[in-house]
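Secondary and tertiary structure notes
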Amino acid sequence: MATFLRRVVVMIHVFVLLSLWFSDYGFLHGVTSLGINYGQVGNNLPPPDRVLDLLSSLKLTKARIYDTNPQILTTFAHSNIELIVTVENQMLPVVMDPQQALQWVSTHIMPYFPATKITGIAVGNEVFTDDDTSLIGYLVPAIVSIHGALVQLGLDKYIQVSTPNSLAVLEQSYPPSAGSFKSEVSGVMSQLLQFLSSTGSPFWINAYPYFAYKDAPNKISLDYVLFNRNPGMVDPYTKLHYDNMLYAQVDAVVCAMFRMGYGGIEVRVSETGWPSKGDSDEIGATVQNAAVYNRNLLRRQMSNEGTPLRPNMRLEVYLFALFNEDMKPGPTSERNYGLFQPDGTIAYNVGLSALATTSSTSSASISLTSSATKAANMEYQSLVYWMFVYLLTFHVFMRRLH
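The protein appears in an unreviewed UniProt entry as glucan endo-1,3-beta-D-glucosidase from Theobroma cacao. Quoted verbatim from the Catalytic activity (unreviewed entry) field of UniProt, the annotation for the protein is "Hydrolysis of (1->3)-beta-D-glucosidic linkages in (1->3)-beta-D-glucans." As stated in UniProt under Sequence similarities (unreviewed entry), the record for the protein gives "Belongs to the glycosyl hydrolase 17 family."

What follows deals with helix α11 (residues 287-302). Along its 16 residues, α11 runs 22 Å from first to last C-alpha, staying within 8% of the 22 Å computed at 1.5 Å per residue. Those residues of α11 that fall on the buried side of the exposure criterion are Asn289, Ala290, Ala291, Val292, Tyr293, Asn294, Asn296, Leu297, Leu298, Arg300 and Gln301. Where α11 terminates, the next one or two residues include Asn304, which has phi positive at roughly 60°.

This part takes up the nonpolar core. Of all hydrophobic cores here, the largest spans 104 residues; its most connected members are Ile109, Ile121, Ile146 and Phe203. Among the elements that make up this core, the one with the highest residue count is helix α10 (residues 245-259) (10 residues).

Our focus in this paragraph is the side chain of Arg268. Structurally, the position occupied by Arg268 is in strand β12 (residues 267-272). Each residue touching Arg268, except ones within four places of it in the same chain, is listed here: Gln160, Pro202, Phe203, Trp204, Ile205 and Glu316.

For β12, the tally of buried residues reaches six of six residues, placing the bulk of the element in the interior. Judged from the four bridges that link them, strand β9 (residues 203-206) and β12 form a sheet pairing that is parallel. Bridge pairing links Trp204 to Arg268 in β12. In this fold, β12 hands off to α11, which returns the chain to strand β13 (residues 317-319); that crossover is right-handed.

Below, the discussion takes up the pattern of salt bridges. Here the structure, examined in full by the defined rule, presents nine salt bridges. One salt bridge in this structure joins Glu316 and Lys62, with 3.2 Å as the shortest N-O distance. Of this pair, Glu316 sits in the loop between α11 and β13 while Lys62 is found in strand β2 (residues 62-64), placing the two residues 254 residues apart along the sequence. Note on accessibility: Glu316 and Lys62 belong to one class, buried. Residue Arg300 is joined to Glu305 by a salt bridge in which the shortest nitrogen-to-oxygen separation is 3.1 Å. With a relative accessible area of 24%, Glu305 lands in the partly exposed category.

Calculation rules
- Residues numbered from 1 in each chain as written.
- Predicted model: local features only at pLDDT ≥ 70, side-chain atom pairs only at ≥ 80, totals over all residues.
- Heavy atoms only, no water.
- UniProt positions renumbered as here; feature names shortened; annotations may be inferred.
- Helix = DSSP H or I, 4+ residues; strand = E, 2+ residues; numbered from the N terminus.
- Expected span 1.5 Å × (residues − 1).
- Buried < 20%, exposed > 50% of the residue type's maximum accessible area, 1.4 Å probe, protein only.
- Core = buried A, V, L, I, M, F, W, Y, C linked by side-chain atoms within 4.5 Å.
- Contact = heavy atoms within 4.5 Å.
- Pairing = 2+ DSSP bridges.
- Right-handed = clockwise from strand over helix to strand, strands pointing away.
- Salt bridge = Lys/Arg side-chain N within 4 Å of Asp/Glu carboxyl O.

Okay, structure coming up:
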């Protein structure tokens, strides 16, 4: 009997330890995945069915588009791709009206859901830093109205609503602990954060260490922005060590939200990438740097990393972009962020293709597909079940002793 009791006690300890382990590594917090931005500002891009085949071959399970293209939404039906769709900036004054928002969701979401796995709606893109400053006043009402329409149609449990923000919304980002929002956007930002907090939605940030390096190549270490081995920096206030700029930028946003009284909102990177070509003044825009940045970022994603401030919350990242888009305005770099050329050939090799064909363990680590997530959850549930059986047995046995 003493041996039996010892075994039960050991099993209880194992259960506690494993529960803590699973919690620490994110299974209880929800598993996220690597996504990619699928822009369509080009006249030579492949049709959506070929794009779907490409994403599937790369084992990517999340994508973001910048509209609600019916052809894409139809083609992606019954696939394993989770989609974030977008309400374009010019639509914000329209959908801020609840009836117009309901009409928009009924027209652009309802006909495709749930066959197409629409998991997020981006209301606008970088509205706080848009040239049309009048859009800022429409942003939160539009977000609230779109969410209200989802609630009315019973879709709010499946589709999150947020808005991607440029890093330029920050007044200060260095060191990360000094992160703060610009005073001119603080009023609307507070309203946005209140909405995100009340609905459990993420704060999306478009973060590009490339821009920081391009503007100050003599002051910023290239290895630091590329995730290469480097001494990094230590935040003088938190004493946290940062070995790359992207994580520092994300944590600066976390600190900025904390300053406004919102410490529990998840930050997700809705865009990040590196151009493979640029104009003469776009220092660092090379194929080599683009390949290194995205390859190193991919490795970080495979290791389930969080940022120094939130080490146990895996950072969700959407790479920008799937294709080079030849019709994008602006400097040369804007048309050269793609991992692939429009004809489907790789612009440079970041390792996605090779990794997608390796062992199932590696593939699951890259994409963390829905099936992989379910498998992990099932394993955990099985563990909980058997530990419960042992605990119940122990309880019954002890009652008999008394």
